[in-house]
Amino acid sequence: MDNINSTMNDNTFKAPFKSRTFSHNRLNITQIILYLILISGAIVAVIPFFWMISTSLMTLGETINRQWLPKIPQFSNYIEAWTEAKFDRYFMNSVVITLTTIVGLLFTSILAAYSFARIKFFGRDIIFALLVATMMIPESVTMIPNFLMVRGNIIPLPGLPEWKGSWLNQLPALTVPFMANAFSIFLLRQFFIKIPDEYWDAARLDGAGHLRFLVQIVLPMSKAPLMTVLIFAFIGSWNAFLWPLLVTTKPTWRPLMVGLYTFVTEAGPETQLLMAGAVITLIPILILYFLTQKQFTEGIATTGIKG
Amino acid sequence: MTETTLYSPNAPQKKKFRVRWLDIKENLTGYTFVLPAFIIISMFGFFPIGYAFFMSLYNWRVRKGPFIGFDNYTKALGDWSGVVLFIAGFIFLIVAYWLWTSAFNSKNSNLHLATRLFAAIMMIGCFIVISKGWGSMQEAGDKNFLASLPITLFYSIGTVPAEIALGLVLAYVLFQRINGKEFFRMIYFLPYITPAVATAVIFRTIFSPRENSLANQLVGLLGKEPMKWLFEPKPFTTAFLGINAEQLNLPELLIGPSMALVSICFFGVWTYVGYNTVIFLAGLGSISHELYEAGEIDGASKWQLFRHITLPLLSPVTFYLALIAFIGTFKAFNHLYVLRVPSAQGTVDVTSIYIFDTFYKANQYGYAAAQAIILFFIILFLTYVQNKVFGKKVFYG
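Residues numbered from 1 in each chain as written. Chains lettered and ligands numbered in written order. Predicted model: local features only at pLDDT ≥ 70, side-chain atom pairs only at ≥ 80, totals over all residues. Heavy atoms only, no water.

Some remarks on the overall build of chain B
From N to C terminus, chain B includes 17 helices and zero strands. Of the contacts made within chain B by residues no fewer than 6 positions apart, 66% connect residues no fewer than 24 positions apart. Here chain B displays about 19500 Å² of accessible surface, and carbon together with sulfur accounts for 67% of that area. (Helix = DSSP H or I, 4+ residues; strand = E, 2+ residues; numbered from the N terminus. Contact = heavy atoms within 4.5 Å. Areas by Shrake-Rupley, 256 points an atom, 1.4 Å probe, with all protein chains shown as cover.)

Laid out in structure tokens, this is it:
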């Protein structure tokens with residue numbers, strides 16, 4: 001996999017037209033056109049974000065008269081959105097939900113992916129194919145039965161006595177359904193399967209079982225795919241909207257996205273607060289993105305091609 | 001386990017036992033490791049499909065009611081003979097398409113022409129049958145549900161080709177000798193990773209009907225009157241191009257999507273172009289340099305290189321992206337839910353949104369489940385068709 005990653009990096013940015021030599025000092029017309037295309041694309045991609053940030057710093061009057069930039073940046077809008085729309089609570093909820101989901105997801109997918117890649121057991125390929133098939137199912141189909149499921153209408157659910165057998169408005173409803181998915185298992189399996197058998201033979205000679213081999217040898221080798229799974233899980237969980245909207249009728253465990261949506265319906269004409277709220281929801285994702293940018297795009301490129 | 005066979009053949013009894021014990025242990029470990037993931041995916045992935053079907057057979061509003069068989073489906077689709085006509089029309093359309101393409105292979109030019117003619121007539125016939133079936137479904141069925149299907153289709157057609165074409169252009173340009181590739185790639189990717197709810201909230205203000213909203217400022221530069229964008233239920237042909245489609249008395253499908261839906265399509269394209277660019281870039285990177293060099297030696301122009309080397313070798317990527325994007329539009333929910341406003345009068349309610357409303361607002365669980373199952377079959381069918389019709393054109397090298 002290391003090889004795969006490195007060859008991909010090498011090739012991704014190597015221009016095919018080596019033989020065509022542009023003079024380095026002068027930009028010719030083709031290159032100007034190319035840059036124009038790229039820059040206009042970048043402007044279109046960024047303008048909504050620019051619009052969001054500039055609006056979030058305006059006074060109400062400025063949002064109505066619509067200038068491009070606020071005269072004096074109103075940072076108080078952020079404080080107002082943070083407290084007024086209960087974003088402090090929703091933000092913490094989202095952090096807890098996302099972290100819990102990621103821990104659970106990594107646990108189940110690492111074990112399952114290892115098993116599918118390196119242990120021979122009866123019916124393995126059929127079970128794997130079945131799991132992969134779930135990637136096709138639209139959320140519209142699963143949401144209705146799953147809603148009844150987390151309400152405890154179908155099978156009894158474990159939980160605290162005061163939950164009265166239902167997970168509605170509780171943390172497990174927002175995390176447990178996402179603690180395993182076929183995509184993560186698939187991604188890790190593709191990596192684990194390529195680890196040479198010699199490692200396993202050596203580990204077995206030293207008396208290690210599967211679990212020790214997995215923890216001590218396989219995982220330290222798999223930082224790149226684990227990181228990819230983690231990033232995808234983070235985005236999926238942080239950005240989730242439809243399911244949290246269904247299962248959080250009270251603000252107790254309501255995540256940020258649902259909070260932002262309820263704010264949209266309540267804030268009315270106060271666009272500047274709305275935009276400040278949108279900025280707040282974006283910040284963690286942007287930090288993660290800029291920190292892991294390369295991993296991110298390349299992870300998506302490799303999985304995209306193979307998936 | 002294979003090395004056990006190398007040991008002395010004098011102790012077959014012992015060997016057999018050893019192999020078995022190892023096998024059992026290996027099997028047990030395998031199952032134990034898979035178990036946590038399997039339980040969760042079964043509970044929240046598999047089980048719901050069966051259960052949704054089960055629910056769809058009952059008059060289930062919040063609580064389970066009496067068994068009603070396929071009444072929920074009849075309520076949604078209206079007339080079963082219409083459904084049969086509709087589906088048969090599509091099946092024959094595929095057959096006609098197959099005839100049309102297979103005409104290429106026949107050597108006899110008379111036969112070739114005859115097959116093509118026959119296929120063309122058949123296609124026209126199919127369209128008539130489909131529209132007849134559709135008409136009788138609409139008369140008896142759930143008008144809003146049925147209307148959500150062409151809206152979904154409009155949304156697909158309005159986003160997928162544009163996304164893919166723009167993604168390809170940007171990737172191709174980025175692949176040339178350009179400074180700051182990583183920077184551009186990072187910027188293009190931004191809309192894809194940011195939460196759809198937040199970006200949709202931004203687009204709500206950009207495409208707002210206010211005179212000085214960003215979208216209206218832009219059309220103002222083109223000398224157009226401000227428009228209502230997301231709040232405009234009229235077809236875009238009327239709102240944007242100024243054609244009065246209602247007077248032309250065209251069938252609903254030819255009039256086109258509402259201006260509100262077109263505004264949402266802009267959002268869809270804006271979000272997914274970056275994703276396609278990144279995947280196309282990886283695809284471009286996997287095409288070997290020798291091919292281009294060989295082409296250049298033969299004196300091929302840049303366009304010829306693109307047309308005869310890049311495009312065919314990228315076709316698996318293009319096909320994959322088209323498939324994912326197309327299925328994605330049928331599943332899309334979050335941004336559509338945030339971007340819809342009451343003034344759009346339901347002209348942006350795609351099927352997934354309508355199902356959500358039936359379930360969450362109208363509390364008709366059984367009926368919503370039936371609609372979801374119908375949507376699921378449509379997705380399966382479209383995936384199959386896409387594989388059959390376009391999958392063949394993919395060049396796998």
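Section: the interface of chain A and chain B
With 111 residues of chain A at the contact, the number on the chain B side is 98 residues. In this assembly, chain A packs against chain B so that about 9700 Å² is buried in total across both faces, 75% of it on carbon and sulfur atoms. Linking chain A with chain B are zero salt bridges, by the criterion used here. Here chain A is connected to chain B by 15 residue pairs in polar contact (both at pLDDT 80 or more). Looking at the side of chain A that touches chain B, the element that brings in the most residues is helix 2 (residues 29-56) of chain A, giving 16 residues. Split by residue class, the side of chain A that touches chain B holds 79 nonpolar, 23 polar and nine charged. (Buried area = accessible area lost by both parts, 1.4 Å probe. Salt bridge = Lys/Arg side-chain N within 4 Å of Asp/Glu carboxyl O. Polar contact = N/O pair within 3.5 Å; in protein donor to acceptor, adjacent residues only side chain to side chain. Nonpolar A, V, L, I, M, F, W, Y, C, P; charged D, E, K, R; others polar.)

A short note on helix 13 (residues 289-297) of chain B
Residue and element names in this part refer to chain B. Turning to helix 13, its buried residues number three or more, namely His289, Tyr292, Gly295 and Glu296. All buried residues of helix 13 fall inside an arc of 125 degrees around its axis, so they share one side. The exposed residues of helix 13 that point more than 90 degrees off its buried face are Glu290 and Ile297. (Buried < 20%, exposed > 50% of the residue type's maximum accessible area, 1.4 Å probe, protein only. Arc of directions from axis to C-beta.)

Some words on the pattern of salt bridges
Applying the stated rule across the entire model yields six salt bridges over all chains. Measuring nitrogen to oxygen at the nearest pair gives 3.5 Å for the salt bridge that ties A:Arg124 to A:Asp125. Assessed through its relative accessible area of 54%, A:Asp125 is described here as exposed. Through salt bridges that share partners, B:Arg340, B:Asp349, B:Asp357 and B:Lys361 make up one connected network.

Some thoughts on the environment of B:Asn387
Here B:Asn387 is to be found in helix 17 (residues 365-389). Taking C-alpha positions, B:Asn387 is 23 Å from B:Val273, a pair spaced 114 residues apart along the chain.

Quick look at the confidence of the model for chain A
On average, residues of chain A carry a pLDDT of 84, and 89% of them reach 70 or more. No element of chain A has a lower mean pLDDT than helix 1 (residues 2-12) of chain A, which averages 42, and none a higher one than helix 5 (residues 87-118) of chain A, which averages 95. (pLDDT = per-residue confidence, 0-100.)

A short note on the side chain of B:Asn72
Residues and elements named next belong to chain B. In this fold, Asn72 is placed in helix 2 (residues 71-77). When its relative accessible area of 6% is taken as the criterion, Asn72 is described as buried. Within the local environment of Asn72, its side chain forms a polar contact with the backbone oxygen of Ser56, the two atoms lying 2.8 Å apart. Among all residues touching Asn72, those that are not within four sequence positions of it are Met55, Ser56, Tyr58, Gly366, Tyr367 and Ala370.

Here's the deal with the packing of helix 7 (residues 139-150) of chain A against helix 17 of chain B
Packed helix pairs are characterised by how far apart their axes lie and by the angle those axes make with each other. As a packed pair, helix 7 of chain A and helix 17 of chain B sit with axes 8 Å apart at the nearest point and diverge in direction by 150 degrees. One way to sum up the angle between helix 7 of chain A and helix 17 of chain B is to call them roughly antiparallel. Relative to helix 17 of chain B, helix 7 of chain A is oriented so that their crossing is left-handed. Here A:Ser140, A:Val141, A:Ile144, A:Phe147 and A:Leu148 of helix 7 of chain A lie close against helix 17 of chain B, whose contacting residues are B:Tyr365, B:Ala368, B:Ala369, B:Ala372, B:Leu375 and B:Phe376. A breakdown of the residues in the contact of helix 7 of chain A with helix 17 of chain B according to their chemical character gives ten nonpolar, one polar and no charged. (Axes fitted to C-alpha atoms, helices over the stretch in contact; angles between N-to-C directions. Parallel < 35°, antiparallel > 145°, perpendicular 65-115°, else oblique. Left-handed = near helix turned anticlockwise from the far one by under 90°.)

Thoughts on the packing of aromatic side chains
Evaluation of the coordinates by the stated rule reveals 56 aromatic pairs over all chains. Here A:Phe234 and A:Trp238 contribute two aromatic rings whose centre-to-centre distance is 5.9 Å and whose plane-to-plane angle is 10 degrees, an arrangement assigned as stacked. Linking A:Phe234 with A:Trp238, this pair stays in helix 12 (residues 223-239), spanning four residues, or about one helical turn. Given the relative accessible area of 14%, A:Phe234 is considered buried. With 6.3 Å between their ring centres and 80 degrees between their planes, B:Phe90 and B:Phe381 make a pair best called edge-to-face. Here the residue B:Phe90 occupies a position in helix 3 (residues 80-102), and B:Phe381 occupies one in helix 17, the gap between them amounting to 291 residues. Residue B:Phe90 is classed as partly exposed on the basis of its relative accessible area, which comes to 29%. Judged by its relative accessible area of 34%, B:Phe381 is partly exposed. (Phe/Tyr/Trp six-rings, centres within 6.5 Å; stacked < 30°, edge-to-face > 60°.)

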